[in-house]
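# Understanding the architecture of this molecule
Residues per chain, in single letters:
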Amino acid sequence: MTPDLNLPPITASRPGTGAPAPAAAASAVALELLRPIAAATLAPGESTRAEVVDSQPRSGQFEVLLRLAKAGLPLTDVSVISRQPLEAGTGLTVQAVSPNRLLAVLDSLAGPGTGQAPLTKLDPQLFPQGTLVQARIIDSQALPAPSEQARFAILAKILQGPAAGVVLSLDSARAAAPGSLLTAQVGSQGELRVTSAMEQVRQLDLLQGMRTTLQTQASAEPMLRMLDKLAALPNLPPLLQAGIRQVLTHVTTPEYLSTPAGVAQAVRQSGVFLEAGLAQLSQALQPGNPPASSQLPTEPTQQNLLPPLTRLLPLLSSLATPPGVEPLPGADFKASLLNLFITLQQQLPPDASKLTTLPPGPWQTAALTARPGLFPLPSRALQTLSDAPDLGSLLRLTAALLSRIQHHQFQGLGQTQTFADGSNQTVWQLEIPLRDGQQFTQVQMRIQRDQSPPDNRQAEPTPQWEIRLAFNLERLGPMQAIARLYKGRVSSEFWAEQNDTLQRINAEIDRLRDRLLTRGLEVGELSAHRGSPPAPQQAVQQRWIDEVT
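Note that the structure is a prediction, hence the values are computed from the model and not measured. Every chain is numbered independently, its residues counted from 1 as its sequence is written. Residues qualify for local features only when their pLDDT is at least 70, as the model is predicted, and side-chain atom pairs are given and counted only at 80 or more; totals for whole chains, interfaces and linings, by contrast, use all residues. To get the side-chain values, all heavy atoms of the structure are used, and hydrogens and water are removed first.

Moving on: the packing of helix α2 (residues 221–231) against helix α8 (residues 391–415). Direction vectors running N to C along α2 and α8 enclose 140°, while the axes themselves pass 9 Å from each other. In terms of orientation, α2 lies oblique with respect to α8. Note that α2 runs across α8; the crossing there is left-handed. Contact residues: α2 offers P222, M223, M226, L227 and L230, while α8 offers L391, S393, L394, L397, T398 and L401. With axes taken as lines fitted to C-alpha atoms, and helix axes fitted only over the stretch in contact, angles between N-to-C directions fall between 0 and 180 degrees. Strands are runs of DSSP state E lasting at least two residues, helices are runs of H or I lasting at least four, and both sets are numbered from the N terminus onward. Roughly parallel covers angles under 35 degrees, roughly antiparallel covers those over 145, roughly perpendicular covers 65 to 115, and oblique covers all other angles. Each crossing is labelled by how the near helix is turned from the far one, with a counterclockwise turn of less than a right angle marking it left-handed and a clockwise turn marking it right-handed. In what follows, a contact means two residues having at least one pair of non-hydrogen atoms within 4.5 Å.

Here it is as structure tokens:
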């Protein structure tokens, strides 16, 4: 399909002037909230039914009072600003785009079987430049061509977003097979530009990577237990002994994670930044160390100056970093695991590669869908493997733990994106191995950074941070903690499955508040809850999980 699909935009006009928009185009309305809506009322991405209670003109726009009817909550009234009038009594469905913005879909929205004409124009308020549209091709017919170039009329139904179900009437230079999927971006003139093939391939590669690594991964506990037993055995080959020792040096303790320096170093050496560290190391080894920005895109890139991984990994894994010392880029947990993996292969017969596949085993959760935003990552119950110090089993467990780290890396790539308004979201997902007394476990961490669009009034907008932790300590049981920070104001939620743990958290919350205040932070709500928190709210494009093309 050609990169452009003709779909003339609606001519912008001042509210209350000019010809009214077609009914189908006006069926979805962008609304600005007068006050930010609480996540408990309507979290970003959530939808609910609403009714227009009142609508009054205000400075060329309309102030509308909506009554929300969300299941499990009492009726809630919110005030919004609309660019078009909404009559009292009108029923609609609203979806929270952000705490300050709603999208409303009127009950008269065009859909299959309504008999309403397909849309031939896009409302720029609902489809601003850069918006991604996913649609299903319904029909494609050749048009009488006045010239030699063929043209085709295409009908496509939007699959997601506030206009889901609306049918578009498109004009293209190439035919499209009915039933095929169309992913396009809204251009500056309201036209639809098909997402590049390279970007589609990248998305599919990431999705396939998430699926493969989810099925082959296993958590760190069984592997670390086996390493601990092997490390106590005499007469191990020196290279294997060194590889085991270096992996165990990356296992931290709760005491070490109680310090800012300990947390920072554990995050840097978790393994999720290995490839970025190797790129940084390669750049530092270049003659003259020219900054990357000084190289023109047309200049040929220099040869990679790093030695082969089989020579580099033993060097990196031997560089144990004392606490508080900045580690060398690439000297991290994943590098040490890769070095151990290569060493184990050298100690085993040539056909040892067959041992890297884990035997089938049950999962502790039914959530096997590989999708961006899966947190915490479920563990796998390996009932067919024992803790006996067997090199073949250790090879399989090492490969499974590498797959788990790779899955966290794919998760971060799948959730990191830039949006049409210039805002962006960056997600890092990682795991820190932990020794708790005589037990091994891990702390899963998800860090989300939301950056507002550029603003001429301030040099650099203040980002909003959200950090999620998931862990299972022997004395506390499964727990999750969520901390949010914005402009010096911090709030936190704790979620525990055991009543005793919940009581201990409640007893310590006042002490936590005092410690945050002494750090110079403004403290918002601190709360403790029983169970597990809702899934992270991130703006992952829905097309990721709709289907594979």
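Another aspect to go through is the packing of helix α7 (residues 333–347) against α8. Packed helices, taken two at a time, are described by the angle their axes make and the gap between the axes. Between α7 and α8, the shortest axis-to-axis distance is 10 Å and the interhelical angle comes to 150°. Considering the angle they form, α7 stands roughly antiparallel to α8. Crossing hand, α7 versus α8: left-handed. On α8, the residues touching F333, K334, L337, L338, L340, F341, L344, Q345 and Q347 of α7 are L391, L394, L395, T398, A399, L401, L402, I405, Q406 and Q409. Residue classes follow a fixed rule: Ala, Val, Leu, Ile, Met, Phe, Trp, Tyr, Cys and Pro count as nonpolar, while Asp, Glu, Lys and Arg count as charged, and any other residue, Gly among them, counts as polar. Among the residues forming the contact of α7 with α8, the class breakdown is 13 nonpolar, 5 polar and 1 charged.

Attention shifts here to the pairing of strand β5 (residues 76–82). Being paired, for any two strands, means DSSP has found at least two bridges between them. Sheet topology note: the strand β4 (residues 61–69)/β5 ladder contains 7 bridges and is antiparallel. Pairing of L68 across the sheet is with T76, part of β5. Between the end of β4 and the start of β5, which pair antiparallel, lie 6 residues, with G72 showing a positive phi angle near 90°.

By definition, a salt bridge exists where a carboxyl oxygen of Asp or Glu is found within 4 Å of a side-chain nitrogen of Lys or Arg. Here the structure, examined in full by the defined rule, presents 14 salt bridges. The closest approach of N and O atoms between K70 and E46, which form a salt bridge, is 3.1 Å. Here the residue K70 occupies a position in the loop between β4 and β5, and E46 occupies one in the loop between β2 (28–33) and β3 (47–58), the gap between them amounting to 24 residues. For every residue, the accessible area obtained with a 1.4 Å probe (protein chains only) is divided by the maximum for its type, and the residue is called buried under 20%, exposed over 50%, and partly exposed between those limits. Classification of E46 as partly exposed rests on a relative accessible area of 27%. Sharing partners across several salt bridges, the network here consists of R446, E466, R468, R484 and E493.

Averaged over all residues, the pLDDT of the chain is 78; the fraction at 70 or higher stands at 76%. Across residues 291–303, confidence stays below pLDDT 50; counting only partners more than four residues off in sequence or on other chains, it has 7 contacts. On a range of 0 to 100, pLDDT expresses the predictor's confidence in each residue. Overall, residues 540–549 carries pLDDT values under 50, and its contacts beyond four positions in sequence, including any with other chains, amount to 28 contacts.

For the rest of this paragraph, the subject is the layout of surface pockets. Cavity: a set of points on a 1 Å grid over the protein atoms alone where a 1.4 Å probe fits but cannot get out. Pocket: an open set with protein on both sides within 12 Å along at least five of seven lines, its lining residues, like those of a cavity, having an atom within 4 Å of a point. Grid points are joined across faces, edges and corners, and a volume is the space filled by probe spheres set on the points. Each pocket or cavity is described by its volume, and for the second largest pocket that value is around 2,100 Å³. Taken together, 40 residues form the lining of the second largest pocket, with L257, S258, L469, F494 and L512 sitting closest to its centre. Contributing elements (two or more residues each) for the lining of the second largest pocket: α4 (260–268), β14 (424–436), β15 (439–451), β16 (464–473), β17 (477–486), β18 (489–496) and α9 (499–518). Top contributing element to the lining of the second largest pocket by residue count: α9, with 9 residues. Its residues assigned to classes, the lining of the second largest pocket comprises 28 nonpolar, 4 polar and 8 charged.

Take the nonpolar core next. M223, L224, L227, I244, V247, L337 and L340 are the most contacted members of the largest nonpolar core, which totals 26 residues. At the level of secondary structure, the elements contributing two or more residues to this core comprise α2, α3 (238–249), α7 and α8. Sorting elements by how many residues they give to this core places α8 first, with 7 residues. Core analysis: the next-biggest nonpolar cluster, separate from the first, contains 21 residues, L122, I158, A163 and L192 among them. We call a set of buried residues a nonpolar core when its members are Ala, Val, Leu, Ile, Met, Phe, Trp, Tyr or Cys and they connect through side-chain atoms within 4.5 Å of each other.

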